[in-house]
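# Observations on the model geometry
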Amino acid sequence: MKNLIKSIFFFTILIPSVLTAQAWSKSKGQGFYKLDFTSIKATDVFDTKGDVVPFRTLGNYSTSFYGEYGLTNNVTLVGYVPFFVRNVVNETKGKQTGNIIEPGIVNNSFGDMDLGFRYQLPIKNVAVAANLILGIPTGDSKQADGLFTGDGEFNQLIKIGVGSGGKRWWTQGALGFNNRTKGFSDEFRYDFEFGYKFFNDRLLAIFKINGIESFNNGTAQAATTGLFSNNVEYMGIGPEVLYYANAKKTIGISARIAGATKGQNVLAAPSMSIGVFAEF
Amino acid sequence: MVKLSQTLAIFSLLLSASCVGTDLIDDPIIAEKLTISPRIDSLTVGKEQVFTTKFTNKYGIEETPKALAWRSSDPTKISIDATGKAKVLATGKATIYASNGNVVDSLVLNKNSNSSTGGSSGDTTFLKTGTFQAISGSYSIKGKVTVRTVKGKTEIVTSPDFAVSAGPSLYLLLTNNTNGRYTVTPGANAVNAISAQITPNRLSVFSGSLTWVVPTNIVVSDYRYVTFYCSLGPVFGTAELQ
């Protein structure tokens, strides 16, 4: 059971928990903006073969901004900016001697940004949107210990989202292909969510599944790709709640916990996110 | 209404939780070691030489020997007193021994040869080899390693069929155990009784016949293994030097 309900994190950027419905575009002039803090602290990793193995205690703390803005009724601008990413490896100290055996490692830096567009396809009865997300290598991919905050490569993610919903519920799913450069492996990405609204639509409870399957077709070696940035795979499961703090439903708070049933080249420990958002 | 100050306070609290922590572990245990110094191999008749010792305990920490004793294998040729002062009385080979309980070191003098035992060989050319073995199933390694001293420089050389899994933060070390927990300082050569960092920077080549020059402050014979270690945690593989 150790492999079950392990949550995940990886240093490359997929639009993370802050992502909202990908199947629907924003109306012109409408926006959704979120400040998010995600943390994970792990003592195990899923290795390159998918086995859970011990590791030095490693924490990742990412503070990010996510935004969507409707340029037109059919085209939405999407951006994800992890403006402060902190990677920490604990020091180890001998119980008997008190000596520092392994010094701690810290890397604070900007992360890799994602910028893109969502286009609402003119299809009736069901919402369908095409997403083009460009991964901009703005993070640190040179750190001496390989503890990068970015992968150093420019990637292009094309994703089709399909959604439907009623007065109090919605569901959506998406499939995508992520073309990566500089010898990184390409990826197949997928996600699914089901959401339900409570308390006059002020509380939104969402169940999410998302994942990555690597094509493992890259040639880049770990010395240049850094830790956990290439050949990453996982399937993550987790709930998220959003609560509108005012009656106008323009601002609110959110929380999420994520877990994975499988993984490859990712940390294995619970990841948690909290955030504040605005929608207007 | 969520106020900005409350939001910032929450984020500050979360960020403060992201400080570098300390994991307490049992110290790695290695064999206690006593080393005679200086590592000379000859003394002329009539000359006196004071030898000293360095004792490291099972945690690799240097401490004063509690029961240091000296003796000579042939006091008629070389005598040595309880303080480590030796005097050459006649020509011929003799070995001096220092002991601290069961821990012993020796030094051969006047063998008419430049070899010695129990410590560094100085400029002496010597040869040690080992075969790499993986520590876990997560990382692979194959090939052999040779340690040699040529023209005063000690080198670590891998065989042409050598290959190790590429790691994001992989370093070559000499170590006294195989369980990880080594000190690595990027850009430097961290040295202690547990490990000695041969490569200042993380490796970028992971196969083939590779050669590294051992820094002069590292005594190869102080260590048992050639080890590839990822400073983020895992040991990729080791070769015990024979």
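Predicted model, so just to flag it, every value in this text is computed and none were measured.

With that out of the way, let us pick up the overall build of chain B. Tallying secondary structure elements over chain B gives one helix and 20 strands in all. By residue count, 30% of the 242 residues in chain B fall in the buried class.

Here we take up the interface of chain A and chain B. If you look at the interface, chain A gives 42 residues, while chain B gives 35 residues. Elements that contribute at least two residues to the side of chain A that touches chain B include exactly strand S1 (31-46), strand S2 (52-70), strand S3 (75-89), strand S4 (91-94), strand S5 (100-102), helix H1 (222-225) and strand S14 (251-264) of chain A. If you tally residues by element for the side of chain A that touches chain B, the top one is S2 of chain A, at seven residues. Tallied by class, the residues present in the side of chain A that touches chain B amount to 17 nonpolar, 15 polar and ten charged.

Within the secondary structure, Leu 232 of chain B sits in the loop between strand S19 (225-230) and strand S20 (235-240). Distance from Leu 232 of chain B to Ala 90 of chain B, taken between C-alpha atoms, is 57 Å for residues 142 residues apart in sequence.

Below, the discussion takes up the domain arrangement of chain B. When its domains are assigned, chain B resolves into domain 1 (33-109) and domain 2 (127-240). Taking only C-alpha atoms, the centre of domain 1 of chain B and the centre of domain 2 of chain B are 31 Å apart.

Time to look at the sheet that holds strand S10 (residues 103-109) of chain B. All names here are of chain B. Pairing is antiparallel across the open sheet formed by three strands, whose spatial order is S6-S9-S10. Each having just a single partner strand, strand S6 (68-72) and S10 make up the two edges of the open sheet. Put simply, the sheet's adjacent strands are angled 15° from each other on average, direction ignored. Relative to S10, strand S9 (residues 94-100) runs antiparallel, the two sharing seven bridges. Bridging across to S10, Thr 95 finds its partner in Val 108.

What follows deals with unusual backbone geometry. In terms of backbone geometry, most residues other than glycine have negative phi values and most peptide bonds are trans. Backbone torsion omega between Ser 37 of chain B and Pro 38 of chain B reads 0°, so that peptide bond is classified as cis. Phi at Asn 231 of chain A takes a positive value of approximately 55°, unusual for a residue other than glycine. With a phi close to 65°, Asn 265 of chain A is a non-glycine residue in the positive phi region. When you line up the elements, Asn 265 of chain A lands in the loop between S14 and strand S15 (266-267).

Let us look at the nonpolar core. One finds Ala 42 and Leu 267 of chain A together with Leu 173, Leu 174, Tyr 229 and Phe 236 of chain B to be the most contacted residues of the largest nonpolar core, which totals 50 residues. When contributions to this core are tallied by element, the ones reaching two or more residues are S1, S2, S3 and S15 of chain A together with strand S13 (144-150), strand S16 (170-175), S19 and S20 of chain B. Sequence-distant contacts of Leu 174 of chain B, that is, excluding residues within four places in its chain, are made with Ser 195, Ala 196, Ile 198, Ile 218, Val 220, Tyr 223, Tyr 225 and Val 226 of chain B.

So, on to the confidence of the model for chain B. Residues and elements named next belong to chain B. Predicted confidence across chain B gives a mean pLDDT of 85, with 87% of residues reaching 70 or more. Predicted confidence is poor over residues 113-122, with pLDDT under 50, and the contacts of this stretch with residues over four places away or in other chains come to 27 contacts. Complex prediction metrics read pTM 0.78 and ipTM 0.72.

This next bit is on the environment of Val 45 of chain A. All names here are of chain A. Here Val 45 lies in strand S1. Sequence separation between Val 45 and Ala 268 is 223 residues, and the spatial gap between their C-alpha atoms is 4.7 Å. Not counting the four nearest positions on each side in its chain, Val 45 is found in contact with Val 53, Phe 55, Val 266, Leu 267 and Ala 268.

What follows is about the sheet that holds strand S1 (residues 22-25) of chain B. Strand order in the open sheet formed by three strands is S5(A)-S4(A)-S1(B), with mixed pairing between adjacent strands. Whereas interior strands pair on both sides, the edge strands pair on one side only; in this sheet they are S5 of chain A together with S1 of chain B. Going across the sheet, the axis of each strand differs from the next one's by a mean of 40°, ignoring polarity. In terms of strand pairing, S4 of chain A meets S1 of chain B through four bridges, oriented parallel. Looking at S1 of chain B, one finds that Thr 92 of chain A is bridged to Asp 23 of chain B.

Parameters and conventions
- Residues numbered from 1 in each chain as written.
- Chains lettered and ligands numbered in written order.
- Predicted model: local features only at pLDDT ≥ 70, side-chain atom pairs only at ≥ 80, totals over all residues.
- Helix = DSSP H or I, 4+ residues; strand = E, 2+ residues; numbered from the N terminus.
- Buried ≥ 20, exposed ≤ 12 C-beta atoms within 10 Å, placed from the backbone.
- Contact = placed C-beta atoms within 7 Å.
- Nonpolar A, V, L, I, M, F, W, Y, C, P; charged D, E, K, R; others polar.
- Domains from an automatic or database assignment.
- Pairing = 2+ DSSP bridges.
- Axes fitted to C-alpha atoms, helices over the stretch in contact; angles between N-to-C directions.
- Core = buried A, V, L, I, M, F, W, Y, C linked by C-beta atoms within 7 Å.
- pLDDT = per-residue confidence, 0-100.

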